[in-house]
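Here's the letter readout for the chains.
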Amino acid sequence: MSNDGASAPLDRHVDPTPPPPSQPAPGNASDGSVLPHSNGNGTDDNVGQQNGVVVPSYATNRLRLNPNSDHKPDSYDNLDLDFSPFLFSSLERYLPSNLLPLSREVKVTYMRDVLLRYSPESERIRFQKHREYRQKIISNYQRLHRELYTMHATTFFVPSFLKAINENTEQGFRNIMSEPTPGIFTFEMLQPRFCEMLLAEVENFEKWVHETKFRIMRPNTMNKYGAVLDDFGMETMLDKFMEEFIRPISKVFFPEVGGSTLDAHHGFVVEYGMDRDLDLGFHVDDSEVTLNVCLGKQFSGGELFFRGVRCEKHVNTETQSEEIFDYPHLPGRAVLHRGRHRHGARATTSGNRINLLLWCKSSVFRELRKYQKEFTSWCAECQREKKERQHQFVSAAKLELLRRGETAT
């Protein structure tokens, strides 16, 4: 590996917030839907009642294997739920067609039953505690720029980016992007005014934390400075950010890692400087797709260095020369890459650098990954091992043909 620290074992850049429950694992039903699991009590749980309305049961109404991309799911933001509202909206796309026209309350009951089957009690308790933690912050923190908390695309994004999103074609995306090395895309994304407001909001939040001595969770296990945007009210806005502006791009460029099924996120800012985190060690992200946008301010240094995409098995394998790439940050400009693309950040030698990060996750991809042994569609080391096996097979076949020829002679 290179001499920039990339030879050390990688850190796992972990999201400290509780994960949403996994999507149910696909079964082998002949109609393409997911097979149900027994409720384990020997009773017939085919249907239930809710306010006199028959609620279909998971035992007889099975989830689709693939999402209904034409269906626009309901919003569950204003309901008091056990799980993330966005998880319900995401799961709704997998509902059997006969459930889609039913009321939101009926669908919630059905989906909650599905989620409870696959979510351990400890995970639900952890999620509930984190929700209470967030509610404490949201109830007491006074927002500075309220317009940041709902999506306003025309004031958030530069026109070229919005034009590409509206066209929603690979060529349209490539027109605004550069791909300096395979799998890393850079492009102009955020308006300067948005960057200024977000920086001011984060500064205001940290001032409130300091004055109230409120103990907050930092963005991940590696950064000691920064703030989780979801924790002080931006979760809904960032849901839309991911769903409407990152997922369309990821569907085109990262389909092999669940780019088309991104259904959860972790949004945060990190701060680098002499009195903040100085650099960031070599690691992989807890995401399928990562968006990293520099917000400012004045700084020097802090370049990202990338060293190839790896699965968990090969995360500490050697870097090949063609995988070495360094990226200098520019305010307002985004870099988009796979979460498993190994990377780190060099020291910020002067000033302060603040970046917005959005870790985008796919529960479907994570569930399917459990049943795979190799990942030749995206792990460079798996690809090299496969080529080596093919080479050995061809060589062995040639030797066998020569042996047979000599025997016949």
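Calculation criteria
- Residues numbered from 1 in each chain as written.
- Predicted model: local features only at pLDDT ≥ 70, side-chain atom pairs only at ≥ 80, totals over all residues.
- Heavy atoms only, no water.
- Axes fitted to C-alpha atoms, helices over the stretch in contact; angles between N-to-C directions.
- Helix = DSSP H or I, 4+ residues; strand = E, 2+ residues; numbered from the N terminus.
- Parallel < 35°, antiparallel > 145°, perpendicular 65-115°, else oblique.
- Left-handed = near helix turned anticlockwise from the far one by under 90°.
- Contact = heavy atoms within 4.5 Å.
- Salt bridge = Lys/Arg side-chain N within 4 Å of Asp/Glu carboxyl O.
- Buried < 20%, exposed > 50% of the residue type's maximum accessible area, 1.4 Å probe, protein only.

Some details on the packing of helix H5 (residues 159-167) against helix H8 (residues 235-253)
Turning to step 1, where the next piece is worked out: Where H5 meets H8, the axes come as close as 10 Å, and the angle between the chain directions of the two elements is 65°. The angle between H5 and H8 falls in the class roughly perpendicular. Viewed along their axes, H5 and H8 form a crossing whose handedness is left-handed. Taking contact as the criterion, the partners of Phe161, Leu162 and Ile165 in H5 are, on H8, Glu244, Phe245 and Ile249.

Thoughts on the pattern of salt bridges
Turning to step 1, where the next piece is worked out: The tally for this structure, following the rule as stated, stands at 29 salt bridges.
Turning to step 2, where the next piece is worked out: A salt bridge links arginine 134 to glutamate 235; its shortest N-O distance comes to 3.2 Å. Of this pair, arginine 134 sits in helix H3 (residues 121-140) while glutamate 235 is found in helix H8, placing the two residues 101 residues apart along the sequence.
Turning to step 3, where the next piece is worked out: Judged by relative accessible area, which is 13%, arginine 134 ranks as buried.
Turning to step 4, where the next piece is worked out: Under the relative-accessibility criterion, glutamate 235 is labelled partly exposed at 25%.

Here we look at helix H1 (residues 85-92)
Turning to step 1, where the next piece is worked out: Of all the 8 residues making up H1, 8 are buried; the element is thus mostly covered by neighbouring parts of the structure.
Turning to step 2, where the next piece is worked out: Looking at H1, one finds that the buried residues are Pro85, Phe86, Leu87, Phe88, Ser89, Ser90, Leu91 and Glu92.
Turning to step 3, where the next piece is worked out: Its buried side turned inward, H1 meets helix H2 (104-118), H8 and strand E7 (264-273).

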